[in-house]
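# Descriptive structure summary
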Amino acid sequence: MRYFPPPRALTISWLALLGLLALTLFAAYQPLGAFNTVVALTIALIKAAIVAALFMELRGDDGLTIVFASAGFFWLAVLFWLALADFLTRPGFPPRLSPWL
């Protein structure tokens, strides 16, 4: 039997995602310095947890499904980490502008 979330849960999650979107937009224009990235990533993590719990139906599934979904998110984090490590260790970073421009 397929699990369908009740309309109230869908409405609450939709309102929560809209609220977090507004919070992201508000935080993007605040002069927080390097802390701005931390705030944006924290809000994005909360949004991803809402989507995973409700729309990927991980809230009502067994443990094996949650383990494999977690492994997928872990692998995605490893790929982002490796790409960032490659990007930051390149010799031409940060790029210098040409004196002719």
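Preceding this section is the structure that the text describes.
Residues numbered from 1 in each chain as written. Predicted model: local features only at pLDDT ≥ 70, side-chain atom pairs only at ≥ 80, totals over all residues. Heavy atoms only, no water.

This next bit is on the pattern of salt bridges. Summed over the entire model, instances satisfying the criterion amount to 1 salt bridge. With its nearest N and O atoms 2.8 Å apart, the salt bridge here joins Arg 90 to Asp 86. The exposure class of Arg 90 is partly exposed, given its relative accessible area of 47%. (Salt bridge = Lys/Arg side-chain N within 4 Å of Asp/Glu carboxyl O. Buried < 20%, exposed > 50% of the residue type's maximum accessible area, 1.4 Å probe, protein only.)

Another point: a nonpolar patch on the surface. A surface patch of nonpolar side chains, amounting to about 640 Å² of accessible area, comprises Leu 10, Val 51, Phe 55, Met 56, Phe 73, Leu 76 and Phe 80. The dominant element in the nonpolar patch, judged by the number of residues it contributes, is helix 3 (residues 63–88), at 3 residues. By the secondary structure assignment, Phe 55 is in the loop between helix 2 (35–54) and helix 3. (Patch = residues over 30% accessible without salt bridge, like charges linked within 9 Å, V, L, I, M, F, W, Y side chains within 5 Å. Areas by Shrake-Rupley, 256 points an atom, 1.4 Å probe, with all protein chains shown as cover. Helix = DSSP H or I, 4+ residues; strand = E, 2+ residues; numbered from the N terminus.)

The next thing to look at is the environment of Ala 16. If you trace the backbone, Ala 16 turns up in helix 1 (residues 7–28). Here the alpha-carbon distance between Ala 16 and Lys 47, two residues 31 residues apart in the chain, equals 8.4 Å.

Between its terminal C-alpha atoms helix 1 stretches 31 Å, which fits the 32 Å expected from 22 residues at 1.5 Å a residue. Three or more residues of helix 1 are buried, namely Ser 13, Leu 17, Leu 20 and Ala 27. Relative to the axis of helix 1, the buried residues are bounded by an arc of 90° and lie together on one face. With respect to the buried face of helix 1, the exposed residues turned more than 90 degrees away are Pro 7, Arg 8, Trp 14, Leu 25 and Phe 26. Elements in contact with the buried residues of helix 1: helix 2. (Expected span 1.5 Å × (residues − 1). Arc of directions from axis to C-beta. Contact = heavy atoms within 4.5 Å.)

So, on to helix 2. Compared with an ideal rise of 1.5 Å per residue, which puts 20 residues at 28 Å, helix 2 spans 29 Å between its outermost C-alpha atoms and is within 8% of the ideal. Within the sequence span of helix 2, burial applies to Asn 36, Val 39, Ile 43, Ile 50, Ala 52 and Leu 54. Structurally, helix 2 contributes buried residues whose contacts are with helix 1 and helix 3.

This brings us to the packing of helix 1 against helix 2. Where helix 1 contacts helix 2, the two axes come as close as 10 Å, and the packing angle between them is 170°. One element, helix 1, and the other, helix 2, form an angle in the roughly antiparallel class. For helix 1 against helix 2, the interelement crossing comes out left-handed. For the pair helix 1 and helix 2, the contacting residues are Ala 9, Leu 10, Ser 13, Ala 16, Leu 17, Leu 20, Leu 21, Leu 23, Thr 24, Ala 27 and Ala 28 in the first and Asn 36, Val 39, Ile 43, Ile 46, Lys 47, Ile 50, Val 51 and Leu 54 in the second. When its residues are assigned to classes, the contact of helix 1 with helix 2 shows 15 nonpolar, 3 polar and 1 charged. (Axes fitted to C-alpha atoms, helices over the stretch in contact; angles between N-to-C directions. Parallel < 35°, antiparallel > 145°, perpendicular 65-115°, else oblique. Left-handed = near helix turned anticlockwise from the far one by under 90°. Nonpolar A, V, L, I, M, F, W, Y, C, P; charged D, E, K, R; others polar.)

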